[in-house]
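Listed below, chain by chain, are the residues.
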Amino acid sequence: MELGSSESGRPVGRGRKAQAAVRAATLAELVDRGFAELTIEGVAQRAGVHKTTIYRRWTDRESLVVDALAEHLATDIPIPDTGAVETDLRALARALVESMTGPVGRAVQTALFSDAGRLPEVAEGRRRVLADRFRRAEPVVVRAVERGELPVGTDHVALFETMAAPIYFRLLVGSGQVGVETADHAVRITLAAARAGALAQGSGVHVEGSEADSGQE
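Residues numbered from 1 in each chain as written. Predicted model: local features only at pLDDT ≥ 70, side-chain atom pairs only at ≥ 80, totals over all residues. Heavy atoms only, no water.

K.L.:
Is there a simple way to think about the environment of Glu-98 in this case?
P.N.:
Following the sequence through the fold, Glu-98 ends up in helix 5 (residues 85–100). C-alpha separation for the pair Glu-98 and Ile-77, spaced 21 residues apart in sequence, amounts to 9.0 Å. (Helix = DSSP H or I, 4+ residues; strand = E, 2+ residues; numbered from the N terminus.)

K.L.:
Would you mind showing me how to read the nonpolar core here?
P.N.:
Proteins that are soluble and globular tend to have nonpolar side chains buried together. The biggest cluster of nonpolar side chains holds 58 residues, and the ones touching the most others in it are Leu-30, Ile-54, Leu-89 and Phe-160. Breaking this core down by element, the ones donating at least two residues are helix 1 (15–33), helix 2 (40–47), helix 4 (61–76), helix 5, helix 6 (103–113), helix 7 (120–146), helix 8 (156–172) and helix 9 (180–195). (Core = buried A, V, L, I, M, F, W, Y, C linked by side-chain atoms within 4.5 Å. Buried < 20%, exposed > 50% of the residue type's maximum accessible area, 1.4 Å probe, protein only.)

K.L.:
I tried to follow the packing of aromatic side chains on my own but got confused; where do I start?
P.N.:
The relation between two aromatic rings is expressed through the spacing of the ring centres and the mutual angle of the planes. Across all of its chains, the model carries zero aromatic pairs by this definition. The ring of Phe-35 has Arg-61 lying over it, and the distance from NZ or CZ to the ring centre is 4.1 Å. (Phe/Tyr/Trp six-rings, centres within 6.5 Å; stacked < 30°, edge-to-face > 60°. Lys NZ or Arg CZ within 6 Å of the ring centre and 35° of its normal.)

K.L.:
Explain a nonpolar patch on the surface to me, please; I cannot follow it from the model alone.
P.N.:
A surface patch of nonpolar side chains, about 390 Å² in accessible area, is lined by Phe-113, Phe-169, Leu-172 and Val-173. Position of Phe-113 relative to the elements: it lies in helix 6. (Patch = residues over 30% accessible without salt bridge, like charges linked within 9 Å, V, L, I, M, F, W, Y side chains within 5 Å. Areas by Shrake-Rupley, 256 points an atom, 1.4 Å probe, with all protein chains shown as cover. Salt bridge = Lys/Arg side-chain N within 4 Å of Asp/Glu carboxyl O.)

K.L.:
Is there a simple way to think about helix 1 in this case?
P.N.:
Three or four residues apart is the spacing at which side chains of an α-helix point the same way, because the helix has 3.6 residues per turn. The terminal C-alpha atoms of helix 1 lie 26 Å apart, and with 19 residues this matches the ideal 27 Å at 1.5 Å per residue to within 8%. Buried residues of helix 1: Ala-18, Ala-21, Val-22, Arg-23, Ala-25, Thr-26, Leu-27, Ala-28, Glu-29 and Leu-30, and no others. One or two positions beyond helix 1, positive phi appears at Gly-34, with a value near 85°. (Expected span 1.5 Å × (residues − 1).)

K.L.:
Before we go on, may I ask you to explain the packing of helix 5 against helix 9 in this structure?
P.N.:
Helices that pack against each other are described as a pair by the angle of their axes relative to one another and the distance between those axes. Put simply, helix 5 and helix 9 touch, their axes get as near as 9 Å, and they point 140° apart. The orientation of helix 5 with respect to helix 9, classified from their angle, is oblique. Crossing hand, helix 5 versus helix 9: right-handed. For the pair formed by helix 5 and helix 9, the contact residues are Val-85, Glu-86, Leu-89, Arg-90, Ala-93, Arg-94 and Val-97 on the first element and Val-180, Ala-183, Asp-184, Val-187, Leu-191 and Arg-195 on the second. Across the contact of helix 5 with helix 9, the residue classes tally to eight nonpolar, no polar and five charged. (Axes fitted to C-alpha atoms, helices over the stretch in contact; angles between N-to-C directions. Parallel < 35°, antiparallel > 145°, perpendicular 65-115°, else oblique. Left-handed = near helix turned anticlockwise from the far one by under 90°. Contact = heavy atoms within 4.5 Å. Nonpolar A, V, L, I, M, F, W, Y, C, P; charged D, E, K, R; others polar.)

K.L.:
What am I meant to see in the side chain of Asp-184 here?
P.N.:
With respect to the secondary-structure elements, Asp-184 resides in helix 9. Among the residues examined, Asp-184 registers a relative accessible area of 15% and is labelled buried. Not counting the four nearest positions on each side in its chain, Asp-184 is found in contact with Arg-90 and Arg-94.

This is the structure:
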């Protein structure tokens, strides 16, 4: 069965099953067509639902794409709890690399960081997706502080941005080639900075205006 399509083209109904089908179809449309050519009608056809089913939950294609991306990243990059901050961060960084180098990950980059990313709605969506990731991953830092592995007052947003920065730089600006070594190197840099107190709250490292800054969703 094609990603996001219903079996034999039959309608999938409403509720969680329909929502999952719509999100999967949205990602598939991003991979196949890109953001510029993605339409609610196309997503509905691929998902096996009527477009009114989509509009009951999502107001427009931008909100649909943002929700599908946030849900995908939450599933594709689970939050680990290995008992140690270094292995937690290594698992997160490696999962990020694996996710962003697959077909859907490439589509995510195109949707959020290419020309489409300059649209106000998509830029806002990018901020919301990142804020959601920071919120979900915050317990990793909280647990590390409680275990004495990181200084009290370590800013979880600054920490995760510091960790992700080398990965995204290579993907978007550098060679485009990333792997396990890139992930592990990013973790070493991040832990060194955090343990030195460079990622404390109020350090001014993280991006301005992030929802994660204010604790709002």
